[in-house]
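Remarks on the overall topology
Residue-level listing of the chains:
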Amino acid sequence: MSDRLNVLKTYKLYVGGKFPRSESGRVYEVTDAKGKWLANAPQSSRKDARDAVVAARKAFGGWAGATAYNRGQVLYRVAEMLEGRRAQFVHEVADAEGLSKSKAAEQVDAAVDRWVWYAGWTDKIAQVVGGGNPVAGPYFNLSSPEPTGVVAVVAPQESSFLGLVSVLAPVIATGNTAVVVASERSPLPALSLAEVLATSDVPGGVVNVLSGRTAEIAAPLASHQDVNAIDLAGADEVLAKELEIAAADNLKRVLRPQPVDDWTATPGIDRLTAFLETKTVWHPTGSLGASGSAY
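As a starting point, this report considers the structure included with it.

Conventions used here
Residues numbered from 1 in each chain as written. Predicted model: local features only at pLDDT ≥ 70, side-chain atom pairs only at ≥ 80, totals over all residues. Heavy atoms only, no water. Pairing = 2+ DSSP bridges. Helix = DSSP H or I, 4+ residues; strand = E, 2+ residues; numbered from the N terminus. Axes fitted to C-alpha atoms, helices over the stretch in contact; angles between N-to-C directions. Parallel < 35°, antiparallel > 145°, perpendicular 65-115°, else oblique. Left-handed = near helix turned anticlockwise from the far one by under 90°. Contact = heavy atoms within 4.5 Å. Nonpolar A, V, L, I, M, F, W, Y, C, P; charged D, E, K, R; others polar. Buried < 20%, exposed > 50% of the residue type's maximum accessible area, 1.4 Å probe, protein only. Polar contact = N/O pair within 3.5 Å; in protein donor to acceptor, adjacent residues only side chain to side chain. Phe/Tyr/Trp six-rings, centres within 6.5 Å; stacked < 30°, edge-to-face > 60°. Lys NZ or Arg CZ within 6 Å of the ring centre and 35° of its normal. 1 Å grid on protein atoms, 1.4 Å probe; cavity = no way out; pocket = protein on both sides within 12 Å on 5 of 7 lines; lining within 4 Å. Points joined across faces, edges and corners; volume = space filled by probe spheres on them.

1. Focus on the pairing of strand β2 (residues 37–42)
Sheet topology places strand β1 (residues 27–31) next to β2; 5 bridges connect them, and they run antiparallel. Considered in β2, the bridge of Thr31 is made with Trp37. The hairpin turn running from β1 into β2, its antiparallel successor, is 5 residues long, and Gly35 in that turn takes a positive phi close to 90°.

2. A few points about the packing of helix α8 (residues 214–223) against helix α9 (residues 237–247)
Between α8 and α9, the shortest axis-to-axis distance is 7 Å and the interhelical angle comes to 25°. The orientation of α8 with respect to α9, classified from their angle, is roughly parallel. Two packed elements cross with a definite hand, and for α8 against α9 that hand is right-handed. Side by side, α8 and α9 meet where Thr214, Ala215, Ala218, Ala219, Ala222 and Ser223 of the first sit next to Leu239, Leu243, Ala246 and Ala247 of the second. For the contact of α8 with α9, the class distribution of residues is 8 nonpolar, 2 polar and no charged.

3. Considerations on the environment of Arg57
By the element assignment, Arg57 lies in helix α1 (residues 46–65). C-alpha of Arg57 to C-alpha of Gly286: the two residues are 229 residues apart in sequence and 40 Å apart in space. Setting aside anything within four residues of it in sequence, one finds Arg57 in contact with Val150, Asp226 and Asn228.

4. Regarding the packing of helix α3 (residues 86–97) against helix α7 (residues 188–198)
Where α3 contacts α7, the two axes come as close as 9 Å, and the packing angle between them is 160°. Classified by the angle their axes make, α3 and α7 are roughly antiparallel. Read as a crossing pair, α3 and α7 show a hand that is left-handed. Of the residues in α7, those touching α3 at Gln88, Phe89, Glu92, Val93 and Ala96 are Leu188, Pro189, Ser192, Leu193 and Val196. For the contact of α3 with α7, a count of residues per class yields 7 nonpolar, 2 polar and 1 charged.

5. Some thoughts on the environment of Asn141
Tracing the sequence through the fold places Asn141 in strand β4 (residues 139–147). Overall, Asn141 belongs to the buried group, its relative accessible area being 5%. Through-space distance from the C-alpha of Asn141 to that of Arg185 is 49 Å; in sequence the pair is 44 residues apart. A distance of 2.6 Å separates a polar atom in the side chain of Asn141 from a polar atom in the side chain of Asn133.

6. A few points about the sheet that holds strand β8 (residues 229–231)
Within the open sheet, the 5 strands sit side by side as β7-β6-β5-β8-β9. Their pairing is parallel. On the outer flanks of this sheet lie β7 (207–210) and β9 (253–255), each paired with one strand and no other. In this sheet, adjacent strand axes meet at a mean angle of 15° when their direction is disregarded. Here strand β6 (residues 177–181) pairs with β7 via 4 bridges, running parallel. Across the sheet, Val181 pairs through a bridge with Leu210, a residue of β7. Each of β5 (150–154), β6, β7 and β8 is contacted by helix α6 (residues 162–173), which is oriented at about 160° to β6, the strand it contacts most.

7. As for the packing of aromatic side chains
This model, assessed by the stated rule, comprises 3 aromatic pairs. Between the aromatic rings of Phe89 and Phe161, the centroid separation amounts to 4.9 Å while the plane-to-plane angle is 25°, which identifies the pairing as stacked. Here Phe161 lies in the loop between β5 and α6 and Phe89 lies in helix α3, a separation of 72 residues in the sequence. The ring of Phe60 has Arg57 sitting right over it, with the charged end atom 5.7 Å from the ring centre. One residue, Arg213, lies across the ring of Tyr28, its end atom 4.4 Å from the ring centre.

8. Notes on the layout of surface pockets
Gaps between atoms show up when a probe of the same size as a water molecule is rolled over them. The space that makes up the largest pocket amounts to roughly 480 Å³. Lining the largest pocket are 24 residues; nearest its centre among them are Lys9, Tyr11, Leu38, Ala39 and Asn40. Of all elements in the fold, only β2, α3 and α7 reach the threshold of two or more residues within the lining of the largest pocket. A total of 6 residues in the lining of the largest pocket trace back to one element, the largest contributor, which is β2. Classifying every residue of the lining of the largest pocket by side-chain character gives 12 nonpolar, 7 polar and 5 charged.

Encoded structure:
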């Protein structure tokens, strides 16, 4: 019979590479699928959302300017660190989603594999969606993808871990920075993922994780003038419509909710291209010698 005290975990937000409590001091109870208390999660405020955007904007230049190869290394490091904490995440996902340990393990393994998948795409997506364009004239015409900027991500509500990874990884793989609104009902896997990101060479501010009431946090992000895009994956039909209207004020790129039957299925590159802009450069070819041949 152990006489040790049970050390309960204090879950915190993840903003700018640090782990603050909500500035409002609020928390809310998180329960498992059977209603058993699991933890108190921080309930983010509008100011927390604004602080997260500031952190994401500050980190954007360095992350977007990093080589695609380096971003791939960082994402692979996330997979490595997750693999080392696999047992913890299996336990948290099982509690959060009411799954058996074996089913939760499948979700966690798929999430690790998802990081590896997107790590491999970081230095290949440019060749797929960019390239030289044939034009009628003595010009080079080259198109290349560039990150959109700061992306707000409303994480899926039911798939609290694999779904989250599936919408977050492609955002940062392509050089964007992210402000994530974790699943309202099951935020703990997302808050624990933040601890992994903090020790995985992901620069502070590239990913910021907020927990709390989805509508309360997402509304200021949708209307924020320094947020360039928003993924509405975890918003219901009514909330998605409200956020889309708010996002139109500064012409944000909006990815509407899309039904996903199986988050373990191969994701394809749709989410990689969702938050990329295409830059096209024209350059005269010049001439070589009297023959007029061009280079």
